There are 6 protein chains.
Amino acid sequence: MDSQRFTTGLEKLHEIDGEAGKMVIESLQSIAPDLAKYTIEFPFGDIYQRPGLDLQKRELITVAALAALGHCQPQLAVHTHGALNVGCKPEEIVETVIQMAVYAGFPAALNAMFTVKAVFSERGLIEAE
Amino acid sequence: MDSQRFTTGLEKLHEIDGEAGKMVIESLQSIAPDLAKYTIEFPFGDIYQRPGLDLQKRELITVAALAALGHCQPQLAVHTHGALNVGCKPEEIVETVIQMAVYAGFPAALNAMFTVKAVFSERGLIEAE
Amino acid sequence: MDSQRFTTGLEKLHEIDGEAGKMVIESLQSIAPDLAKYTIEFPFGDIYQRPGLDLQKRELITVAALAALGHCQPQLAVHTHGALNVGCKPEEIVETVIQMAVYAGFPAALNAMFTVKAVFSERGLIEAE
Amino acid sequence: MDSQRFTTGLEKLHEIDGEAGKMVIESLQSIAPDLAKYTIEFPFGDIYQRPGLDLQKRELITVAALAALGHCQPQLAVHTHGALNVGCKPEEIVETVIQMAVYAGFPAALNAMFTVKAVFSERGLIEAE
Amino acid sequence: MDSQRFTTGLEKLHEIDGEAGKMVIESLQSIAPDLAKYTIEFPFGDIYQRPGLDLQKRELITVAALAALGHCQPQLAVHTHGALNVGCKPEEIVETVIQMAVYAGFPAALNAMFTVKAVFSERGLIEAE
Amino acid sequence: MDSQRFTTGLEKLHEIDGEAGKMVIESLQSIAPDLAKYTIEFPFGDIYQRPGLDLQKRELITVAALAALGHCQPQLAVHTHGALNVGCKPEEIVETVIQMAVYAGFPAALNAMFTVKAVFSERGLIEAE
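Keep in mind it's a predicted model, so treat the numbers as computed, not measured. (Residues numbered from 1 in each chain as written. Chains lettered and ligands numbered in written order. Predicted model: local features only at pLDDT ≥ 70, side-chain atom pairs only at ≥ 80, totals over all residues. Heavy atoms only, no water.)

### Looking at the interface of chain F and chain D
Between chain F and chain D, the residue contacts involve 31 residues of the former and 31 residues of the latter. In total, about 2800 Å² of surface goes out of reach between chain F and chain D, with carbon and sulfur atoms giving 67% of it. Applying the counting criterion to the chain F and chain D interface returns six salt bridges. When the shortest N-O distance is used, the salt bridge between Arg58 of chain F and Glu95 of chain D registers 2.6 Å. (Contact = heavy atoms within 4.5 Å. Buried area = accessible area lost by both parts, 1.4 Å probe. Salt bridge = Lys/Arg side-chain N within 4 Å of Asp/Glu carboxyl O.)

### With respect to the relation of the copies chain A and chain B
Relating the two copies of this chain is a rotation about some axis coupled with a shift parallel to it. Of the transformation superimposing chain A on chain B, the axial component is 0.0 Å and the angular component is 180°, with the fit at an RMSD of 0.0 Å. What we have between these two chains is a two-fold relation. The overlap is high: 100% of the interface residues of chain A also sit at the interface in chain B, so the same surface is used on both sides. (Least-squares fit on C-alpha atoms with pLDDT ≥ 70 in both.)

### A look at the UniProt feature "domain: Carboxymuconolactone decarboxylase-like" (unreviewed entry) in chain A
Following the UniProt record, the feature "domain: Carboxymuconolactone decarboxylase-like" (unreviewed entry) maps to residues 33–113 of chain A here. Between the C-alpha atoms that bound residues 33–113 of chain A the distance is 31 Å, and the span itself is 81% helix and 0% strand. (UniProt positions renumbered as here; feature names shortened; annotations may be inferred. Helix = DSSP H or I, 4+ residues; strand = E, 2+ residues; numbered from the N terminus.)

### So, the environment of Glu95 of chain C
Relative to the helices and strands, Glu95 of chain C resides in helix H5 (residues 90–104). On the basis of relative accessibility, which here comes to 4%, the residue Glu95 of chain C falls in the buried class. Measuring from C-alpha to C-alpha, the distance between Glu95 of chain C and Ala64 of chain C comes to 9.8 Å, with 31 residues separating the pair along the chain. For Glu95 of chain C, the residues in contact, after removing those within four places along its chain, are Arg50, Pro51, Gly52, Leu53 and Arg58 of chain E. A polar side-chain atom of Glu95 of chain C sits 2.7 Å from a polar atom in the side chain of Arg50 of chain E. (Buried < 20%, exposed > 50% of the residue type's maximum accessible area, 1.4 Å probe, protein only. Polar contact = N/O pair within 3.5 Å; in protein donor to acceptor, adjacent residues only side chain to side chain.)

### As for the packing of helix H1 (residues 3–27) of chain D against helix H4 (residues 73–85) of chain D
Helix-helix packing is characterised by the crossing angle of the two axes and by the distance between the axes. All names here are of chain D. Between H1 and H4, the least distance of the axes is 8 Å, while the angle of their chain directions is 140°. Taken together, the axis directions place H1 and H4 in an arrangement best described as oblique. The hand of the H1/H4 crossing is right-handed. Across the interface between the two elements, Glu15, Ile16, Asp17, Gly18 and Ala20 of H1 pack against Val78, His79, His81, Gly82 and Asn85 of H4. (Axes fitted to C-alpha atoms, helices over the stretch in contact; angles between N-to-C directions. Parallel < 35°, antiparallel > 145°, perpendicular 65-115°, else oblique. Left-handed = near helix turned anticlockwise from the far one by under 90°.)

### Remarks on the interface of chain A and chain B
Each partner contributes to the interface: chain A provides 31 residues, whereas chain B provides 31 residues. Interface area for chain A against chain B, summed over the two sides, is near 2800 Å², with a carbon-plus-sulfur share of 67%. When the buried area of chain A at its contact with chain B is split by residue, Ile61, Gln99 and Tyr103 of chain A rank highest and sum to 23% of it. Between Arg50 of chain B and Glu95 of chain A there is a salt bridge, with the nearest N and O atoms lying 2.8 Å from each other. Along the contact surface separating chain A from chain B lie 16 residue pairs in polar contact (both at pLDDT 80 or more). Of all the elements in the fold, those that place two or more residues in the side of chain A that touches chain B are helix H2 (33–47), helix H3 (55–69) and helix H5 (90–104) of chain A. Element by element, the count of residues in the side of chain A that touches chain B is highest for H5 of chain A, at eleven residues.

### A look at the packing of aromatic side chains
For the structure on display, the rule yields 27 aromatic pairs over all chains. Ring centres 5.1 Å apart and planes at 15° place the aromatic pair Phe44 of chain A and Tyr48 of chain A in the stacked group. Site record: aromatic cluster; members linked through ring pairs are Tyr38 and Phe42 of chain A, Phe106 of chain B, Phe106 of chain C together with Tyr38 and Phe42 of chain E. (Phe/Tyr/Trp six-rings, centres within 6.5 Å; stacked < 30°, edge-to-face > 60°.)

### Description of H3 of chain A
Structurally, the α-helix is built with 3.6 residues per turn, so residues lying three or four positions apart point the same way. Residue and element names in this part refer to chain A. Given a rise of 1.5 Å per residue, 15 residues ought to cover 21 Å, and the 21 Å separating the end C-alpha atoms of H3 matches this to within 8%. For H3, the tally of buried residues reaches 14 of 15 residues, placing the bulk of the element in the interior. The distance from a side-chain oxygen at the start of H3 to the backbone nitrogen of Gln56 is 3.1 Å, and the residue carrying that oxygen is Asp54. Gly70 occupies a position one or two residues after H3 and carries a positive phi of about 90°. (Expected span 1.5 Å × (residues − 1).)

Take a look at the structure:
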């Protein structure tokens, strides 16, 4: 039985992503509930449970990877919330995205920054335009 | 004049990447010395100089991005050295790469881990096979 | 003369993608009619005509590749229709996308699943939300 | 001081991208003004200033790279304007994107072509649909 | 406890990849044994166990995805063996890779084909050169 | 019959890539001769035959795309030869690759430059190290 991984994964998902994570899971129910289950079990039940790297660093490396890959803007929005939820400073997220200009190019960094900007604006961290 | 960016960039490159960074720069001299100059000035003279994110976190997000992108193994080797040089624990680098299985898939994580393994082995952190 | 490749390609495109493929071709007429011509001739006039792999398998590997690449959501929608049109079971398409979490990461699989979900919903295979 | 790079970069940005480039820079002010600064300094203050490749060729290779990468449609729109602004013929831009079908696949070429089409339509080069 | 997933995963890994899979797992022991554990549990203990898509189709979509991604040649070699081990015809693997020229471009298809060729040659399916 | 596309494609391949292109085609004969046929027909029989963009520009945009994609070093070597064969100046190739640092990141540009360097060295354009 995987119920332990699912239960602790769901708690971790809630701790990190709050409502945003929950909405992703719910929106999978009509098409692929097992993909929702795996998304809870493996990333949140296995990986984010691990010692050796604190949650803030885990969120920053996730932001970095999602910004660099370029085709993951919905997940980048979720994990920008996640990074803030676990205590990363807004400045650290911005710095992480700026640094991606070096490794993935300016378009990837710019597109990621606009996603981060929308989340910051939604949370009142910067003024909405 | 950009001499200030170049000079402080070269110092930062040496602090982070030691000889590995220097070799990359030297190997560009016969073909594109200006690309070497930009590589020192922008990443190391501009970005890695910035406050807001400490060097250890900067190296971990770089390891994450290079592992996720998948086609950057030489740079991943250089920055595995870099992460260790600025004080990241070997365990943190390993955790960063494992987490990339979630975001970029198992092949990207596995190929990156073998690059990290070669660097760890070279530095005597694990036994050579 | 390429008329044979174009004619058989157009028939194959119609067999696989129905109206969706036709709309892509039409929308290219004002800007690059030759790209429309090549899109009919090479993929549908050459490749999808070949023996050695049946059309259902051809559509499933296309769904896999488009999901893994991540930046091809419009084409993934067209080929989700295509896979269903040539007789793939909805479950097979869902399984193909779930499996991409292993090889291209969870964000690629999740984004692809939401594209598949929109097509399934449009065709009444799942309840619209 | 980098003021020289910034000033000449801003002029070059204006020459190439006109208002489109300026809007990107402005939209970064509330979140990451330094990323705007780097975007002016490095690409436009350093790279596009260089001899050895004329501006028309620089814009065509940028269009090619952005089309091939696939996740850079906003930048592709900006540089489609840029290519036209520096004197590239519409036909050259279309040919560049068609050729990307060979190197990055048909989906990347098709998605890029629809971005180019929107810019051409906006500028009255083709009839709006 | 995940022992069930690990045990059935290890059996599936052996069924599909034979010695090639085992060597990857062993080569992780000195650096990241938990990544080996996850590689067995999630792909082979969860995904490849699922009904809804037979093993031959699962291997063909994996070959497609790895060929399209481009930076996964070691995994493509392992799964070319895997596809043959579960009964895919050599012709089906070749067709899958050819089709990737359409979706990921000719370079991705060509590089993948040379990896497949090396495996076929190793297994005596084609004459070694 | 496609013999016209094949024949003119083969001539164009020879004009651009010389022996390098021929070797790629020959190495496909034992595994997938039809992929060789398509590689001659579509890129060289269709695309490189087109008016609207001269061969030098076609080669530079190919170099740009291959450098940006990152996983196409063998093709980048072939087209570095190709660019020189059709009259591009070495400096133009170097500039094209430097510019990719902006759009695809420094690792992609650096890896591409080392591939270009190997070709330049092979042709005696720079001193071998």
